[in-house]
Amino acid sequence: MNLPQARIAKILLWSCVDGPGNRLVLFLQGCNFACAACHNPHTIGQCNDCGDCIPACPTAALSLAGGRLHFDPARCTQCDDCLAACPISANPMALPYSVADILTLLHRHRAFLSGITVSGGEPTLQTGFVTALFAAIREDPDLAGLTCFVDSNGHLGALGWQGLLSVTDGVMLDIKAFGPALHLAMTGRSNARSLASAKIAHAAGKLYELRYLIVPDQTDSPGEIARLIRFASDLGGPQRIRLNAFHHQGVRGVAADWLSAPRQAVEVVAEQLRHAGLGPVIVPAVWL
Amino acid sequence: MTFETQGLRRVVNNPALSAAQKARALSIEAENAMPYPQLDAETHAALEARVICDMYEGHAPYRPRYVLPDYGVVLTCGSDWLELPVPQTLDEAINTLMIAYHHVPSVTGMPVYVGQLDDLLLPFCEGVSDEALYQKLKLFWRYIDRVLPDAFLHANIGPSDNRVARTILRVDAELGQIAPNLTFRYDPAISTEAILAQAIANITICSKPHIANHPLHAATFDARGYGIVSCYNALPQAGGASTLTRINLLEVAKRSHDTDDFLTNTLPQYVALNVRLAQARIDYLFDQSGFFDSFLVTEGWIDRGRFTAMFGIFAMAEAVNHLLLKSGNPGRYGRDAEANALGHAISARLTDLVAAQPMRNVWRDRAMLHSQAGLSTDTGLTPGVRIPYGTEPDPVVHVLALAPHHQYYPSGISEILTLDETVKANPAAVMDLCKGAFASGFREFTANIGGNDLVRVTGYMIRLSDVARFNALKGARTNTTALGAEAAKLTAILDRKPRVVAYELAAGADR
Ligand code: SF4
Ligand code: SF4
C-alpha cells in the first residue's frame, strides 16, 4: 500500500484539551494562516533545507546531508534553540511519519486512549494523510471505539471536507474573528471559508466545538461578541464553545506587545454566551 | 537510663501541639528511652548507618504497625469484652464501629483501617431511605475526621456498585476532609462504569479516592481478603503487618563496586540484614509484648497468623542513576529505557532474595515486598520506585515506565500521577489513564490534580491551606499536617511538575 506520509512537529500521548477523554495528538507541521497571536509559530513554515538553524544547535543534532536537513533525535536535548534561528518559522525537528507508524503508536497505547486528534499547524493541509489515517483506524478491529478528531482553522474548501468528514468523528473549529477586516489583519486571510467550514461540519453533525480566542481590545468588542452569538445561534441548537484567552507564551513579533486576556474579561464573555442559550461554554482551566 | 529532659520540655511547651499530641510525643520519648530489641553487630551497624531503617517505629514494639480487624466479627457477634450487643439497625452498626475503632491500635496511635465499609453496612441498609443514609454517613464521616484526624486512616469501598459506596463518594467529595483516606476497589467484571466515573469525578474534585486494581490484589491474598490502608499498603484482612523495615537502595549502591557487585553481593547482604531487623522486632512483639493476648485475638477480630512483615525499599531512582554513573553512563531513571530496565531487574532480584528468607510468626512465612512511599526526612531521595520530583515524563510514559515494577510489590506500590488542572474539564481523560494503567499491570492508581487544596504528599493527604497555617505557627488539628509541613519544607514534594499540556508545544513551555 502506498499511503501518504505527513510531516509531524510533535506527538503527545497524553492530552486532555483536544477533545473528549485522553487523546493521542499529532501536531502536523505547516499552516496557511500567519496569525500574529500564534502560540506555536514554529509550526507555521515548511523547512526549505537552508541550514540556517544548524549552528544554533548546541549538541550537533542538526546537519545537512545531500542537500537535505537531517535531524538526529538521539542527540536532541529539546532546548528549542533551533526554532528561534529559523527565518521562515519552520521546525527542523519535524519528522516524516507514515500511516503505519501512527497505527503502531495507537496499538501500543490503545488502553490509555479515547481517540486521536490531528492538530497543528493546520492539519487539513495534509488532508490526504489524515483521511488515509482515519480510514485505516476505522478498518482496524483492534482500534475499534477510538474517535478521530480534527482541530482546524477551517480554511479547507467544501470539496476537501467531503472526503475528510466521511472518516472524522468530530471537528474543533477555530474562528479567529468575525469582522472580515479584523480577521484579515489577524491572520492574513479572509474568514469566509472558516465560517463556511463551521456550517459544513455542523450540517454533518460533526462540529464538536467552536473555538474563539479572546484578544483584549480586538476580538472582545461588543460587535465581535454579538456576531459570535449570532453565528453560533444560527447553527441551531446548543453549541459547545471554548473560549481561549490570549497570553504571551510562545508568541513572537507584534503580538508580544498585546495585552493578555484577563480571567474576568473572558468570564464576562462566557456569561453572555450562556445567557444567549449557547453552551456548554468552556473557559481556560489555567490562567497565565 | 536518663531522659533528655530538655527535649521533653520542648514537646510539653510546644504551642503548635495539642495536649493529646504532646501526650503521644511524650510516650514515644519514653518508649525510646528503653534499649532496642537485641540485634547482632552487623545488623546494628547497618541500622545505625541507616542503610536499613526501622521507620522509627520505636524501641519496644508493643503493637503491630498496621492492624486490619475484620469488623464483620463485631457487627455479627457483638463483643463480650466491650459489652456490645449485636447491632440490629444502621445507627447501631455505625455506633458499634465508632466504638470499635477506639480499641484498634497501630503505629500512629490511631487505627489505620476503618473497614470495607459498604460490605459492613449494606446488610443494615434495608428500609433506610437514601436521604437518611446520606445524613448518617455524613455524620459518621465528620466523626472520623474530627475524632481520628489522621490521614493514614483508610476506608475501603467497592468493587460492586452499591448505595453505600455511592453515598460515601458523594459525602467524601462534599466534605473534602483529610480523614478518612479512601480506596475504591475496581474490578472491570463487577464494578459499573458509572461508579468508576463517580470515583474519577471525585479525584478531580479532591484527589480522592485512590483506585485499587481489585483482581490483582484479590489474587495475591486469600478468601479472608485484604484491605488497603495507610500509604497504600495492601495487607491481609483480619491481620495486618507487624512491622515495616526498609532498605535505602542508594546507600546499598554506594557500597557496591558496580551493578554486578550490587546484584550479587551487596544487595543480598542488606536484604538479609533487613530481614534480621524485622525478625528482631517481630520476636519482641510476639514473644514479649503480650499484644496477642488481647480480646482482638480471642474474639476473632484478628488472627495472629495473619500478620506479615513489610519489606520496604526506596530511592530506586537514585540507586539506578548512581550505578549507571559508575559505568560512565549518565542514567535518567524514568526517562531512559536502559535505566528503567535496570530498575526492573533490581525489583525482580529483590523478589527472589526476599522469597529465599524464611521468617517466624509471619503470614505465609515470608516478608512481602513494598515500594515504600517515604518519610518526611528523606531529603534528596525519591520514595519507593518513583520517578524523581520534577523529572516525570507525561503521565502515559510515566505509567509505562513503572508498570513492570508492580508485579514485584504485593504489599503495595504507589505512584502519584500529577495532572494539571485542565483535566477538571475532562474527567474522561483521567478514566482513560486509570484504565490504561490497570491494563499495563498497575496495582493502584493515584492522581493529584494541580491546584487542589487537598494533595497527596508521600502517600497521605494534606491540605495546602493547613500547611500554610502551620507554617504561620498556628496549631494544626490533624497529626499528619505536621509531617506534611516538614516534608514540604525538606523535600521537593510540592514541586511535582504539573504539566500544562495545552501549552506544551510552545517553545520552552515546560522548562
Ligand atoms: S528549519 Fe528553517 S532554518 Fe532550519 S533548515 Fe529548515 S528552513 Fe532552514
Ligand atoms: S531543540 Fe534539539 S535540535 Fe534544536 S537546537 Fe536544541 S538540541 Fe538542537
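What you are looking at is a predicted structure, and each value in this text was computed from that prediction instead of being measured.

## Examining the overall build of chain B
Regarding its fold elements, chain B presents 19 helices and 15 strands. Here chain B holds 511 residues, and the buried ones make up 61% of them. Here the analysis covers contacts within chain B between residues at least 6 apart in sequence; of these, 77% occur between residues at least 24 apart. Carbon and sulfur atoms provide 54% of the accessible area of chain B, an area that totals close to 18600 Å².

## A short note on the packing of helix α14 (residues 316–326) of chain B against helix α15 (residues 337–355) of chain B
All names here are of chain B. At a minimum axis distance of 10 Å, the contact between α14 and α15 shows a crossing angle of 115 degrees. For the crossing formed where α14 meets α15, the hand is right-handed. Residue-level inspection shows M316, V320, L323 and L324 of α14 in contact with α15, the latter providing E338, A339, L342, G343, I346 and S347. Of the residues belonging to the contact of α14 with α15, the class tally is 7 nonpolar, 2 polar and 1 charged.

## Quick notes on the site of ligand 2
Not every one of the 13 residues close to ligand 2 is listed here, only the nearest: C57(A), C76(A), C79(A), D80(A) and C82(A). Partitioning the shell around ligand 2 into residue classes produces 9 nonpolar, 3 polar and 1 charged.

## Let's talk about the packing of helix α3 (residues 127–139) of chain A against helix α4 (residues 158–165) of chain A
All names here are of chain A. The contact between α3 and α4 brings their axes to 9 Å, and the two run at 20 degrees. Of the possible angle classes, the one that applies to α3 and α4 is roughly parallel. From α3, T127, V130 and T131 reach across to α4, where they touch G160, G163 and L164. Across the contact of α3 with α4, the residue classes tally to 2 nonpolar, 4 polar and no charged.

## Focus: the pairing of strand β6 (residues 115–120) of chain A
Residue and element names in this part refer to chain A. Burial analysis of β6 places 6 of its 6 residues in the buried class, the great majority of the element. Alternating residues of β6 divide into G115, T117 and S119 and I116, V118 and G120, and every residue in both groups is buried. The pairing of strand β2 (residues 23–28) with β6 spans 6 bridges and is classified as parallel. Residue pairing for β6: V25 is matched across the bridge by T117.

## Some words on unusual backbone geometry
Omega for the bond connecting A179(B) with P180(B) falls within 30 degrees of zero, at -5 degrees, which places this linkage in the cis form. Relative to the elements of secondary structure, P180(B) occurs in the loop between α8 (163–175) and β5 (181–186). The residue after K208(B), namely P209(B), is reached through a cis peptide bond having omega -5 degrees. In this structure, P209(B) sits in the loop between α9 (193–206) and β6 (210–213). Its identity as a non-glycine residue notwithstanding, D217(A) has a phi of 65 degrees, on the positive side. Mapped onto the elements, D217(A) comes out in the loop between β9 (207–214) and α7 (222–235).

## Points about the site of ligand 1
The full set of residues close to ligand 1 is C47(A), N48(A), D49(A), C50(A), G51(A), D52(A), C53(A), L69(A), C86(A), P87(A), I88(A) and P92(A). A per-class count over the shell around ligand 1 returns 8 nonpolar, 2 polar and 2 charged.

## Focus: the domain arrangement of chain A
Here chain A is partitioned into domain 1 (5–42 + 95–282) and domain 2 (49–85). If you average the C-alpha positions of domain 1 of chain A and of domain 2 of chain A, the two centres end up 29 Å apart.

## Describing the pattern of salt bridges
Under the counting rule described, the total for this entry stands at 30 salt bridges over all chains. Here D91(B) and K136(B) are joined by a salt bridge, their closest N and O atoms 3.1 Å apart. With D91(B) in helix α5 (residues 90–101) and K136(B) in helix α7 (residues 130–147), the pair connects residues that are 45 residues apart, well separated along the chain. The exposure class of K136(B) is partly exposed, given its relative accessible area of 25%. For R170(B), the salt bridge identified is with E174(B), shortest N-O distance 3.6 Å. Of this pair, R170(B) and E174(B) both sit in helix α8, 4 residues apart, which is roughly one turn of the helix. A relative accessible area of 40% places E174(B) in the partly exposed class. Sharing partners across several salt bridges, the network here consists of D151(A), E209(A), R211(A), R240(A) and R242(A).

## With respect to the side chain of Q239(A)
Residues and elements named next belong to chain A. Along the chain, Q239 turns up in the loop between α7 and β10 (241–245). Its relative accessible area of 3% is what places Q239 among the buried residues. Once you skip the residues sitting within four places of it in the chain, Q239 turns out to touch H202, L207, Y208, E209, L210, L278, G279 and P280.

## Re the sheet that holds strand β8 (residues 170–175) of chain A
All names here are of chain A. Spatially, β5-β1-β2-β6-β7-β8-β9-β10-β11 is the arrangement adopted by the 9 strands of the open sheet, whose pairing is mixed. With partners counted over all chains shown, the strands left at the sheet margins are β5 (95–98) and β11 (281–282), one partner each. Sheet topology note: the β10/β11 ladder contains 2 bridges and is parallel. Residue pairing for β11: I241 is matched across the bridge by V281.

## Concerning the nonpolar core
All names here are of chain B. With 199 residues, the main nonpolar core has I211, I346 and F445 as its most contacted residues. Counting residues per element, this core draws most heavily on helix α12 (residues 259–287), which supplies 13 residues. Residues contacting I211, with those up to four places away along its chain left out, are F184, Y186, L196, A199, I200, I203, C434, F438, R443, E444 and F445.

## Details of helix α1 (residues 5–12) of chain B
Residues and elements named next belong to chain B. Buried within α1 are the following residues: G7, L8 and V11. All buried residues of α1 lie within an arc of 100 degrees about the axis, which places them on one face of the element. In α1, the exposed positions that point more than 90 degrees away from the buried face belong to T5, Q6, R9 and R10.

## Section: the sheet that holds strand β3 (residues 113–116) of chain B
Residue and element names in this part refer to chain B. What the 6 strands build is an open sheet, ordered β3-β4-β5-β6-β13-β12; its pairing is mixed. This sheet does not close on itself; its edge strands, each paired only once, are β3 and β12 (416–419). Taking each pair of neighbouring strands and ignoring which way they run, the sheet shows an average axis angle of 25 degrees.

## Some thoughts on the pairing of strand β7 (residues 147–152) of chain A
Residue and element names in this part refer to chain A. Most of β7 is tucked away: 5 of the 6 residues are buried. Between β6 and its parallel partner β7, the chain crosses via α3, and the hand of that crossover is right-handed. Taken together, β7, α4 and β8 constitute a β-α-β crossover, and its handedness is right-handed.

## Things to note about the environment of I387(B)
All names here are of chain B. In this fold, I387 is placed in the loop between β11 (368–371) and α16 (395–402). Looking at I387, the relative accessible area reads 0%, which means it is buried. Measuring from C-alpha to C-alpha, the distance between I387 and D54 comes to 23 Å, with 333 residues separating the pair along the chain.

Procedures and definitions
Residues numbered from 1 in each chain as written. Chains lettered and ligands numbered in written order. Predicted model: local features only at pLDDT ≥ 70, side-chain atom pairs only at ≥ 80, totals over all residues. Heavy atoms only, no water. Helix = DSSP H or I, 4+ residues; strand = E, 2+ residues; numbered from the N terminus. Buried < 20%, exposed > 50% of the residue type's maximum accessible area, 1.4 Å probe, protein only. Contact = heavy atoms within 4.5 Å. Areas by Shrake-Rupley, 256 points an atom, 1.4 Å probe, with all protein chains shown as cover. Axes fitted to C-alpha atoms, helices over the stretch in contact; angles between N-to-C directions. Left-handed = near helix turned anticlockwise from the far one by under 90°. Nonpolar A, V, L, I, M, F, W, Y, C, P; charged D, E, K, R; others polar. Near = heavy atom within 4 Å. Parallel < 35°, antiparallel > 145°, perpendicular 65-115°, else oblique. Pairing = 2+ DSSP bridges. Domains from an automatic or database assignment. Salt bridge = Lys/Arg side-chain N within 4 Å of Asp/Glu carboxyl O. Core = buried A, V, L, I, M, F, W, Y, C linked by side-chain atoms within 4.5 Å. Arc of directions from axis to C-beta. Right-handed = clockwise from strand over helix to strand, strands pointing away.

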